Structure formats: structure tokens, C-alpha cells
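Single-letter residue listing:
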Amino acid sequence: MLAGLCIFTAGAMVRLPDTSFTLAWTHSIEKVRWEEDYRVVGEYIEAPLARVKGSGAGMEPPDGAVLKNGWWQYRPVITRHRELRLTRSPYAADYEICMRGACRSLSDVAPQTEGVTRIVACASTALPAGSGGKKH
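What counts as what
Residues numbered from 1 in each chain as written. Predicted model: local features only at pLDDT ≥ 70, side-chain atom pairs only at ≥ 80, totals over all residues. Heavy atoms only, no water. Salt bridge = Lys/Arg side-chain N within 4 Å of Asp/Glu carboxyl O. Helix = DSSP H or I, 4+ residues; strand = E, 2+ residues; numbered from the N terminus. Buried < 20%, exposed > 50% of the residue type's maximum accessible area, 1.4 Å probe, protein only. Phe/Tyr/Trp six-rings, centres within 6.5 Å; stacked < 30°, edge-to-face > 60°. Lys NZ or Arg CZ within 6 Å of the ring centre and 35° of its normal.

Student: Go over the pattern of salt bridges with me, naming the residues and quoting the values.
Tutor: Summed over all chains, the structure comprises eleven salt bridges. Residues Arg-51 and Glu-35 are paired through a salt bridge, measuring 2.8 Å at the closest nitrogen-oxygen approach. You can see Arg-51 sitting in strand β5 (residues 44-52) and its partner Glu-35 sitting in strand β4 (residues 33-41), a full 16 residues away along the chain. Like Glu-35, Arg-51 is buried. Residue Arg-82 pairs with Glu-43 through a salt bridge whose shortest N-O separation is 2.6 Å. Remark: Glu-43 occurs in the loop between β4 and β5 and Arg-82 occurs in the loop between β8 (80-81) and β9 (83-88); sequence separation between them is 39 residues. One salt-bridge network, in which partners are shared between bridges, spans Arg-33, Glu-35, Asp-37, Arg-51 and Glu-96.

Right under this line is the structure:
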């Protein structure tokens with residue numbers, strides 16, 4: 001049985017019980033906020049909706065986006081993922097993770113390390129194969 005999210009960084013694993021969340025970030029150059037909504041469905045993470053607060057060089061809203069309440073909203077082209085892979089850097093603002101109406105820095109949940117942070121749907125009793133992580 002799947003029970004939420006597992007977030008893997010270099011040498012650490014964090015388990016969250018939530019099955020729906022939003023990832024948000026501000027583009028480091030254009031200073032434009034992006035948000036992507038996700039939900040755990042079976043062993044996948046699905047992305048039903050995304051939005052961007054504006055546009056900038058090389059980051060225009062995709063075809064079919066609709067301007068609603070100041071946000072360009074759209075359905076992502078790829079909506080089903082086995083994992084989300086986030087590149088994080090100490091030289092740019094970290095992602096935010098929003099759950100139950102509250103947002104906080106992803107580094108408040110999982111340590112920020114250079115390289116890739118993985119988010120997967122996780123089982124209630126077992127780690128995903130090959131995780132190498134430890135429970136926290």
C-alpha cells in the first residue's frame with residue numbers, strides 16, 4: 001500500500017504522508033514563480049495542473065495556457081512520472097513544497113545538497129528498490 005512521498009537526497013531519505021502537493025520555485029534570472037500540482041496515484045506521481053505567474057526569455061507559457069487570476073495555467077504535456085528529479089543548488093533559491101495550504105522551503109523538509117533530489121511515491125513499509133537511503 002502506498003502511503004505518500006519519499007524524498008531522497010545524497011545520503012538521506014524523508015517520508016511524508018501526503019499524497020497531494022505543489023512544487024514551486026522562482027526562476028533564478030527572470031524572477032518568475034512557477035508552480036506544479038502533483039498527486040500520488042498508485043506507484044506514480046501525476047501532474048494534473050501547472051501555472052506560471054508571467055513569462056520571460058525562453059520561458060513563455062506553453063500553447064493552450066489560459067490566463068486566470070494573473071497566472072498562466074496549463075496541463076503539462078507529461079502528466080505521469082515514476083519519479084521527479086530536482087536539481088538543487090546552493091547558488092539559487094530552493095524549491096518550495098506546499099501541502100495542506102502551507103508552503104515551506106524544500107530544504108526545511110530534506111537537506112539541500114548539490115545534485116539531484118528524487119521524489120517518488122513510496123510504500124508504507126518498504127523503501128523503493130535501489131534507494132540506498134535511510135529512514136528519518
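Student: Could you give an account of the packing of aromatic side chains, with specific residues and numbers?
Tutor: Each pair of aromatic rings is reported with the distance of its centres and the angle of its planes. In the structure shown here, the tally under the stated rule is three aromatic pairs. The interplanar angle of 20° and the centroid separation of 5.3 Å between the aromatic rings of Phe-21 and Tyr-38 together place this pair among those described as stacked. Here Phe-21 is found in strand β3 (residues 20-26), whereas its partner Tyr-38 is found in strand β4, with 17 residues between them in sequence. Ring centres of Trp-25 and Trp-34 lie 6.2 Å apart, and the angle between their planes is 5°; on these two criteria the pair is classed as stacked. Cluster of aromatic residues (ring-pair linked, three or more members): Trp-25, Trp-34 and Tyr-95. In this arrangement the basic side chain of Arg-118 is found over the ring face of Phe-8, its NZ or CZ atom lying 4.9 Å from the centre.

The analysis is restricted to geometry; functional conclusions fall outside its scope.
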